[in-house]
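# Structure at a glance
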Amino acid sequence: MKRWMAVTAVVAMLIYAVLWIGWMQNWTWLAVADQRMLDRMILFSDAVFAFALLLLASDLRLPETITDETIWSELAALAPQLASFLISFGLASFGGWCT
């Protein structure tokens, strides 16, 4: 087990050294790889926010016994849930927009 950890540490140090040398010498392929990784991370975070918003929206349901006469009273009864949904949706949307 100790040998495996030592080999892993040496390999990590070598990779770090190569990346540091490449950064110091402005290797163009390293800059392109950095930009690609940043783009992938941004796209992934956008997907996470979109999925969170989808989960929020999928939980909204109207009661099955709703009629034209009782729609406003039913919506008034759901007001706390709708308010928490709107606050959560707004915060998640704003968080996704800020990234």
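Residues numbered from 1 in each chain as written. Predicted model: local features only at pLDDT ≥ 70, side-chain atom pairs only at ≥ 80, totals over all residues. Heavy atoms only, no water.

## With respect to the overall build of the protein
Convention followed: By the criteria applied, helices consist of DSSP H or I runs no shorter than four residues and strands consist of E runs no shorter than two, each listed in order from the N terminus. Atoms counted for the radius of gyration: C-alpha only. Globule rule: 2.2 Å times the number of residues to the power 0.38. Summary of the burial criterion: residues with accessible area below 20% of their type's maximum are buried, those above 50% are exposed, and those between are partly exposed, where the area comes from a 1.4 Å probe applied to protein chains only. Accessibility throughout is a Shrake-Rupley quantity obtained with a 1.4 Å probe, and a residue counts as covered only by protein chains that appear here.
The helix and strand inventory of the protein stands at 4 helices and 0 strands. The order of helices and strands in the protein, counted from the N terminus, is α-α-α-α. Against the 2.2 N^0.38 benchmark of 13 Å for 99 residues, the protein shows a C-alpha radius of gyration of 25 Å, more extended than a compact globule. Projecting the C-alpha coordinates of the protein onto the three principal axes gives extents of approximately 75 × 40 × 15 Å. With 99 residues in all, the protein has 8% of them scored as buried. Here the protein has roughly 8700 Å² of accessible surface; of this, 73% comes from carbon and sulfur atoms.

## Focus on a nonpolar patch on the surface
Note the following rule: For patch building, the residue pool is restricted to those with more than 30% relative accessible area and no salt bridge; the joining distance is 9 Å between like charges and 5 Å between nonpolar side chains (Val, Leu, Ile, Met, Phe, Trp, Tyr). Take a side-chain nitrogen of Lys or Arg and a carboxyl oxygen of Asp or Glu: if they are within 4 Å of each other, that pair is a salt bridge.
Together, Val7, Val11, Ile15, Leu19 and Trp29 line one region of the surface with nonpolar side chains, adding up to about 470 Å² of accessible area. Per element, the largest residue contribution to the nonpolar patch is 4 residues, and it comes from helix α1 (residues 2–24). Classification of Val11 by relative accessible area gives partly exposed; the value is 42%.

## A few points about α1
Heads up, the rule is: By this rule the span expected of a helix is its residue count minus one, scaled by 1.5 Å.
Helix length check: α1, at 23 residues, gives a terminal C-alpha distance of 33 Å against a target of 33 Å (1.5 Å per residue), a fit within 8%. Positive backbone phi, approximately 55°, marks Asn26, located one or two places after α1.

## Quick look at the confidence of the model for the protein
Defined as follows: The predictor attaches a confidence to each residue, and that confidence, scored 0 to 100, is pLDDT.
Summing up the model confidence of the protein, the mean pLDDT is 78 and the portion of residues at 70 or higher is 94%. Ranking the elements of the protein by mean pLDDT puts helix α4 (residues 79–98) last, at 77, and helix α3 (residues 71–77) first, at 84.

## A few points about the environment of Val10
Of note, Val10 is situated in helix α1. Val10 sits in the partly exposed class, given a relative accessible area of 49%. Put simply, Val10 and Ile87 are 77 residues apart on the chain and 49 Å apart in space, counted from C-alpha to C-alpha.

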